[in-house]
Amino acid sequence: MKEAAELDREAPAIEVRALHKSFGTLEVLAGIDFTVARGEVVCVIGPSGSGKSTLLRCVNLLEEPTSGTVLVAGAEVTDPDVDIDQVRRGIGMVFQSFNLFPHLTALQNLTLPQRRVLKRDKAEATRIARDRLARVGLTDKESSYPAQLSGGQQQRVAIARALAMDPQLMLFDEPTSALDPELVGDVLAVMRSLADEGMTMLVVTHEMSFAKEVADRVVFMDGGVIVEEGAPEQVIGAPGHARTQSFLSRLLDPAAARISPSDD
Amino acid sequence: MSMTRRQRTRLVRSAQYAVLGVVLVVIAQAADWGEIRRAFFDVEVAKAQFPDIITTALVNTVIYTLLGFGFGLALGLLLALMRLSQVPPYRWLAIVYIEFFRGIPALLVFIALGFGVPLAFQVALNQYVTVMLALGLVGAAYMAETIRAGIQAVPKGQTEAARSLGMSQGRAMVSIVIPQALRIVLPPLTNELILLTKDSSLVYLLGLSLSQYELAKFGRDALNQNRSLTPILIAGLCYLVITLPLGHLVRRLEARTARAR
Ligand SMILES: Nc1ncnc2c1ncn2[C@@H]1O[C@H](COP(=O)(O)OP(=O)(O)OP(=O)(O)O)[C@@H](O)[C@H]1O
Ligand SMILES: [Mg+2]
């Protein structure tokens with residue numbers, strides 16, 4: 001088994017080469033190559049069904065790639081001999097639907113994985129959990145169950161839960177898409193502060209203002225390939241491809257956005 | 001000859017009450033109330049059943065049921081996991097087990113364990129072990145299917161979140177999925193407990209010593225001694241003392257689950 005100790009300190013946070021993924025006959029990823037450097041914040045945008053979630057899920061092997069390689073901090077996660085549980089510990093993931101554990105309190109959501117996976121003792125796990133909850137502004141909610149929290153609070157607990165594992169890398173899959181508009185800001189503020197602290201982040205989002213302000217780089221995907229990537233002001237501000245332009249105009253024009261399937 | 005709808009409804013309903021009244025009058029006339037009272041409500045016989053029917057029979061019924069339920073729950077959980085296994089032979093084994101034990105009468109299992117095993121293997125199983133096995137083996141088959149449905153009802157995102165935090169498949173199952181699945185299946189499992197309470201009456205087949213009598217056997221013995229149905233009626237009421245609160249609990253749990261959705 002290859003251990004995390006082997007992780008290369010110099011290697012990029014994520015390196016994806018010739019990644020293909022098919023579900024049956026449906027080719028969802030048709031050859032993806034891209035790299036995320038350490039400390040970089042990369043936003044992935046694109047229409048619904050373009051394969052953004054699938055790409056993200058291939059990085060921590062929630063989806064098994066059909067072919068191609070994925071390296072996380074230099075370790076090839078697609079190698080069948082690698083200890084995938086070990087790799088995933090270093091990769092925090094935040095889901096559109098939060099996926100908090102409903103039978104546990106906010107605090108227990110943070111302590112259980114630490115204790116079971118990292119074998120931290122109860123006192124240390126609790127101390128770290130309280131620290132992370134404070135970081136997302138939810139100190140007073142530690143004994144609430146997920147059902148007692150608003151969507152925005154649940155998503156912040158989910159972020160804190162990932163942070164409690166001390167990840168080197170965070171994946172976000174449309175973290176604000178399931179939220180009421182007035183709750184989006186709190187979650188984005190937490191993500192912004194994470195980015196400011198130098199966390200490596202790969203974020204699938206439809207929040208163009210967030211992408212513009214926070215991302216170092218924006219990747220536009222369509223039909224299972226990367227159509228265009230570059231600095232946000234370039235990709236969002238002055239897109240070079242017709243597909244990017246039409247996607248952005250549909251997203252930014254409220255009348256068109258309402259009927260667009262891509263901002264669900 | 002026209003009737004309004006309301007008139008017709010009224011007529012039909014009055015006719016139904018009239019029939020019921022006639023039936024009741026006929027029964028009251030025909031029945032020998034003295035005989036019925038002697039058979040079912042003999043106060044002397046009733047008094048004689050206490051306190052043993054509670055301290056021995058009711059207690060034993062509860063003990064037998066809980067032994068069978070505990071063993072059946074553990075085995076049922078194992079079977080449910082086998083049923084969901086990625087390894088086909090485990091699935092087949094679980095399916096064969098479940099279909100077999102759901103398809104045969106529990107009575108047969110009691111006979112096999114109570115008489116078959118001692119005869120064939122020359123070993124006498126402890127009475128409590130026999131009861132635990134017999135009730136549990138059958139209960140497990142039903143509970144396995146219930147638990148499997150519960151496990152499958154836990155959203156896939158729960159396992160994905162657990163795996164993304166670095167938990168193994170087994171750890172995610174034990175710490176995240178099973179606790180939620182058991183909550184989901186609490187109402188149907190409580191129903192299973194009610195069924196087992198009644199099935200525990202089959203214990204009367206095994207030759208029991210007096211201190212091991214449960215409600216059905218106790219009632220039957222008292223019936224033979226007193227030539228009165230009163231002990232049977234009391235035993236029946238004792239079952240209801242157990243099963244009615246459990247049934248009430250099921251409805252409360254179901255209402256809670258409905259609210260949580
Ligand atoms: N497990 C699966 N089985 C079969 N098809 C799948 C599966 N997961 C995704 N797909 C299909 O793959 C395609 C890409 O899905 P994906 O979720 O990656 O798109 P997306 O870009 O994230 O879209 P959205 O913006 O709607 O979230 C879709 O057509 C989807 O139906
Ligand atoms: Mg998606």
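Residues numbered from 1 in each chain as written. Chains lettered and ligands numbered in written order. Predicted model: local features only at pLDDT ≥ 70, side-chain atom pairs only at ≥ 80, totals over all residues. Heavy atoms only, no water.

Looking at an unreviewed UniProt entry, one finds chain B named Amino acid ABC transporter permease and attributed to Streptomyces niveus. The UniProt entry for chain B carries the following text under Subcellular location (unreviewed entry): "Cell membrane". Under the UniProt heading Sequence similarities (unreviewed entry), the note attached to chain B is "Belongs to the binding-protein-dependent transport system permease family. HisMQ subfamily." (UniProt positions renumbered as here; feature names shortened; annotations may be inferred.)

Trainee: Can you lay out the overall build of chain B for me, pointing to particular residues and giving the numbers?
Mentor: Each helix and strand counted, chain B has 12 helices and zero strands in total. Going residue by residue from the N terminus, the α and β elements of chain B occur as α-α-α-α-α-α-α-α-α-α-α-α. Dimensions along the principal axes, computed over C-alpha positions, put chain B at roughly 75 × 70 × 30 Å. The buried share of chain B, reckoned over its 261 residues, is 39%. Carbon and sulfur atoms make up 66% of the accessible area of chain B, which totals about 15,100 Å². When the 25 positive and 13 negative side-chain charges of chain B are each reduced to one mean point, those points stand 15 Å apart. (Helix = DSSP H or I, 4+ residues; strand = E, 2+ residues; numbered from the N terminus. Buried < 20%, exposed > 50% of the residue type's maximum accessible area, 1.4 Å probe, protein only. Areas by Shrake-Rupley, 256 points an atom, 1.4 Å probe, with all protein chains shown as cover. Lys, Arg positive; Asp, Glu negative; His and termini not counted. Charge placed at Lys NZ, Arg CZ, Asp CG, Glu CD.)

Trainee: Pulling in residues and values, what's your account of the side chain of Gln154(A)?
Mentor: All names here are of chain A. Along the chain, glutamine 154 falls in helix α5 (residues 151-163). For glutamine 154, a relative accessible area of 16% translates into the label buried. What glutamine 154 contacts, discounting residues up to four positions off in sequence, is Phe98, Leu100, Pro146 and Leu149. (Contact = heavy atoms within 4.5 Å.)

Trainee: Lay out the pairing of strand β8 (residues 200-204) of chain A with the relevant residues and their values.
Mentor: Residue and element names in this part refer to chain A. Of all five residues in β8, five are buried, a share of seventy percent or more. Along β8, one buried face is formed by Thr200, Leu202 and Val204 and the opposite face, lined by Met201 and Val203, is buried too. Sheet topology note: the strand β3 (residues 41-45)/β8 ladder contains four bridges and is parallel. Within β8, the position partnered with cysteine 43 by the bridge is valine 203. Of the strand pairs in this sheet, strand β7 (residues 169-173) and β8 are connected by five bridges, and their pairing is parallel. Note that in β8 the partner of phenylalanine 172 across the bridge is valine 203. Viewed along the sheet, the connection from β7 through helix α6 (residues 181-196) into β8 turns out right-handed. (Pairing = 2+ DSSP bridges. Right-handed = clockwise from strand over helix to strand, strands pointing away.)

Trainee: An account of unusual backbone geometry is requested, with residue identities and associated values reported.
Mentor: Note: most residues except glycine have negative phi, and most peptide bonds are trans. The linkage connecting Phe50(B) with the following residue, Pro51(B), adopts the cis geometry, with an omega of 0 degrees. By the secondary structure assignment, Pro51(B) is in the loop between α3 (43-49) and α4 (52-83). The residue Glu174(A) is not glycine, and still its phi comes out positive at about 45 degrees. The topology assignment puts Glu174(A) in the loop between β7 and α6.

Trainee: Quick one: what's the story with the site of ligand 1, residue by residue and with numbers?
Mentor: All names here are of chain A. In the vicinity of ligand 1, the residues found are Phe23, Leu26, Val28, Pro47, Ser48, Gly49, Ser50, Gly51, Lys52, Ser53, Thr54 and Glu174. One nitrogen or oxygen atom from the side chain of lysine 52 is found 2.8 Å from an oxygen atom belonging to ligand 1. In this structure, glutamate 174 approaches ligand 1 through a side-chain N or O atom, which is 3.1 Å from an oxygen atom. A total of 640 Å² of accessible area belongs to ligand 1 in isolation, and the protein chains cover 62% of it. When residues of the shell around ligand 1 are traced back to their parent elements, those giving at least two are β2 (26-36) and α1 (52-59). No other element matches the three residues that α1 contributes to the shell around ligand 1. Residues of the shell around ligand 1, tallied by class, amount to four nonpolar, six polar and two charged. (Near = heavy atom within 4 Å. Polar contact = N/O pair within 3.5 Å; in protein donor to acceptor, adjacent residues only side chain to side chain. Nonpolar A, V, L, I, M, F, W, Y, C, P; charged D, E, K, R; others polar.)

Trainee: Residues and numbers for a nonpolar patch on the surface, please.
Mentor: Residue and element names in this part refer to chain B. Judged by side-chain polarity, Phe40, Phe41, Leu229, Ile232, Leu233, Leu237, Leu240 and Leu244 come together as a nonpolar surface patch covering roughly 670 Å² of accessible area. Sort the elements by how many residues they give to the nonpolar patch and helix α12 (residues 230-260) lands first, with five residues. As for its position among the elements, phenylalanine 40 is in helix α2 (residues 33-40). (Patch = residues over 30% accessible without salt bridge, like charges linked within 9 Å, V, L, I, M, F, W, Y side chains within 5 Å. Salt bridge = Lys/Arg side-chain N within 4 Å of Asp/Glu carboxyl O.)

Trainee: Can you lay out the UniProt feature "transmembrane region" (unreviewed entry) in chain B for me, pointing to particular residues and giving the numbers?
Mentor: Those residues carrying the UniProt feature "transmembrane region" (unreviewed entry) are residues 54-80, 92-116, 128-151, 172-190 and 229-250 of chain B in this numbering. The straight-line gap between the two end C-alpha atoms of residues 54-80 of chain B is 36 Å; of that span, 100% is helix and 0% is strand.

Trainee: Describe helix α3 (residues 106-117) of chain A, naming the residues involved and giving the relevant values.
Mentor: Between its first and last C-alpha, α3(A) extends 18 Å over 12 residues, near the 16 Å set by a 1.5 Å rise per residue. Most of α3(A) is tucked away, with nine of its 12 residues classed as buried. When we look at burial in α3(A), the residues that qualify are Ala106(A), Leu107(A), Asn109(A), Leu110(A), Thr111(A), Leu112(A), Pro113(A), Gln114(A) and Val117(A). Buried residues belonging to α3(A) abut α2 (84-89), α4 (122-135) and α5 of chain A together with α9 (169-184) of chain B. Downstream of α3(A) by one or two residues, Lys119(A) has phi in the positive range, about 60 degrees. (Expected span 1.5 Å × (residues − 1).)

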